[in-house]
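Structural characterization, general
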Amino acid sequence: MGLNDTVSAERVHIGFFGMRNAGKSSVVNAVTGQRLSLVSDVKGTTTDPVKKAMELLPLGPVVIIDTPGIDDEGELGEMRVKRAKQAMNLCDIAVLVVDGKKGLQSSDKELITAFEARKISYIIAYNKVDLLENSPDCKENEIYVSAKSGKGIFELKEMMARSAKGWESGRKIVSDLIEPNDIVVLVVPIDSAAPKGRLILPQQQVIRDVLESGAAAVVTRETELKDTLDSLGRKPKIVITDSQAFGVVSKIVPEDIPLTSFSILFVRYKGGLESAVHGAATLDKLKDGDKVLISEGCTHHRQCEDIGTVKMPKWIKEYTGKDLQFEFTSGTEFPEEISGYSLIVHCGACMLNDREMKYRRTFADANGVPMTNYGIAIAYMNGILKRSLAPFPDILKMLNK
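What this report covers is the structure whose coordinates are included nearby. (Residues numbered from 1 in each chain as written. Predicted model: local features only at pLDDT ≥ 70, side-chain atom pairs only at ≥ 80, totals over all residues. Heavy atoms only, no water.)

Details of the sheet that holds strand 9 (residues 238-241)
In spatial order, the strands read 8-7-9-10; together these 4 strands make up an open sheet with parallel pairing. At either end of the open sheet lies a strand with only one pairing partner, and these are strand 8 (216-220) and strand 10 (259-261). Ignoring strand direction, the axes of neighbouring strands in this sheet form an average angle of 25°. Sheet contacts for helix 5 (residues 201-212): strand 7 (183-187), strand 8 and strand 9; angle to strand 8, the most-contacted strand, approximately 150°. (Pairing = 2+ DSSP bridges. Helix = DSSP H or I, 4+ residues; strand = E, 2+ residues; numbered from the N terminus. Axes fitted to C-alpha atoms, helices over the stretch in contact; angles between N-to-C directions. Contact = heavy atoms within 4.5 Å.)

So, in structure tokens, the structure goes:
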């Protein structure tokens, strides 16, 4: 992925939902102008959510999600329905595709209730208008379309664009902390989990944000950090490090230079910094036998020194001195039952969109389970949490109360 690409987590996520044979996949294909999903008259052709990042006018960069029928049956059908419901947690906009000949069914109404409970903006698209003698009047968020003839598809896309208006959060990763011509030093260990020749996504996004703000990004490894700082000629505005190198980097960077991590920047960017700071204090309260969930938003080949499954459990055990149980999730997987966990430690979530992370935080709060973040937890265990939060005075003030 290049610096000019819009990552999936930054795109509007649009999910298409409905009953089997309502024509969801046909409508998706008509909207995208691609054969994104398989189409047939056999019920249940879509067996798993199909996701596609693409440019869709007039919206721009989006992720389209075609989901299995919400009325699927049998043991496999129940699993498909579960996947469809999980897809809601990702969606900024939902399109409910209804068979226009049959009208709203009980399953459709259940979906509408679920959209409203999750505060998801939704559109009801009555498909197969070509088979109707006339199309009844529509409410503001309803439209009659025909995936077969293309009628109403352009108007549906216009409705989707209006629903997405104002979607951008306005939050910045780091550019609100720096000024033009500032120097920002990025400490980037060579990550064995990253493909050869590439930086991992958070590093790419921070570099892009720094450059767009007119500042200079100086990238170095922790092994060359001291020489890099000595050679700059003036103090950097901020040093941002990979969380795994926090302990080493904090000893090299002078106290009068603000220091934080990529992971902390991203939990702030996703809107969960305050709760992650509160959650870190739970590390001091863990007892023998407690269960800790470590959750990552991406999926990658596990290395022998993988941070999520190897390093983080090791560091937590060493810090607490307790005999703890660890469980792991990755990608879009997240448990439906979390009440048995004493703590959730989440990655920076660069691969997950805001809505998915908001769902996870809200779900954790509702179940009374503290949730923190890799960077926050590592800083806390290294005794440098206050220092790592110095760039965020409001959070630091809360911590000092």
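Considering the pattern of salt bridges
Scanning the model with the defined rule gives 13 salt bridges in all. Residues Lys270 and Asp354 are paired through a salt bridge, measuring 3.8 Å at the closest nitrogen-oxygen approach. Here Lys270, found in the loop between helix 8 (262-269) and helix 9 (273-280), pairs with Asp354, found in helix 11 (residues 354-366); they are 84 residues apart in sequence, far enough to count as distant. Classification of Lys270 as buried rests on a relative accessible area of 3%. (Salt bridge = Lys/Arg side-chain N within 4 Å of Asp/Glu carboxyl O. Buried < 20%, exposed > 50% of the residue type's maximum accessible area, 1.4 Å probe, protein only.)

Brief notes about the sheet that holds strand 4 (residues 93-99)
Sheet strands pair by backbone hydrogen bonding; their relative direction is either parallel or antiparallel. The 6 strands are arranged 2-3-1-4-5-6 in an open sheet whose pairing can be described as mixed. Each having just a single partner strand, strand 2 (50-56) and strand 6 (142-144) make up the two edges of the open sheet. Neighbour-to-neighbour, the strand axes of the sheet open up by a mean angle of 25°, direction not taken into account. With 7 bridges connecting them, strand 4 and strand 5 (residues 121-127) associate as parallel partners. Following the sheet pairing, Val97 is matched in strand 5 by Ala125. On the sheet, helix 4 (residues 153-164) packs against strand 1 (12-18), strand 2, strand 4, strand 5 and strand 6 and is oriented at approximately 170° with respect to strand 5.

Some points on the pairing of strand 13 (residues 343-346)
Of the two faces of strand 13, both are covered, the one formed by Leu343 and Val345 as well as the one formed by Ile344 and His346. Bridge count between strand 11 (residues 291-295) and strand 13: 4 bridges; the pairing is parallel. Paired with Val292 across the two strands is Leu343, which belongs to strand 13. In terms of strand pairing, strand 13 meets strand 14 (residues 371-373) through 3 bridges, oriented parallel.

Observations regarding the packing of aromatic side chains
Evaluated as defined, the whole model comprises 6 aromatic pairs. Considering the side-chain rings of Phe115 and Tyr122, the 5.6 Å spacing of their centres and the 35° angle between planes classify their relative orientation as tilted. Judged by relative accessible area, which is 0%, Phe115 ranks as buried. With 6.0 Å between their ring centres and 85° between their planes, Phe266 and Tyr269 make a pair best called edge-to-face. Taken as a pair, Phe266 and Tyr269 lie in helix 8 at a separation of 3 residues, close to a single helical turn. A single burial state applies to Phe266 and to Tyr269, both of which are buried. One residue, Lys291, lies across the ring of Tyr341, its end atom 5.1 Å from the ring centre. (Phe/Tyr/Trp six-rings, centres within 6.5 Å; stacked < 30°, edge-to-face > 60°. Lys NZ or Arg CZ within 6 Å of the ring centre and 35° of its normal.)

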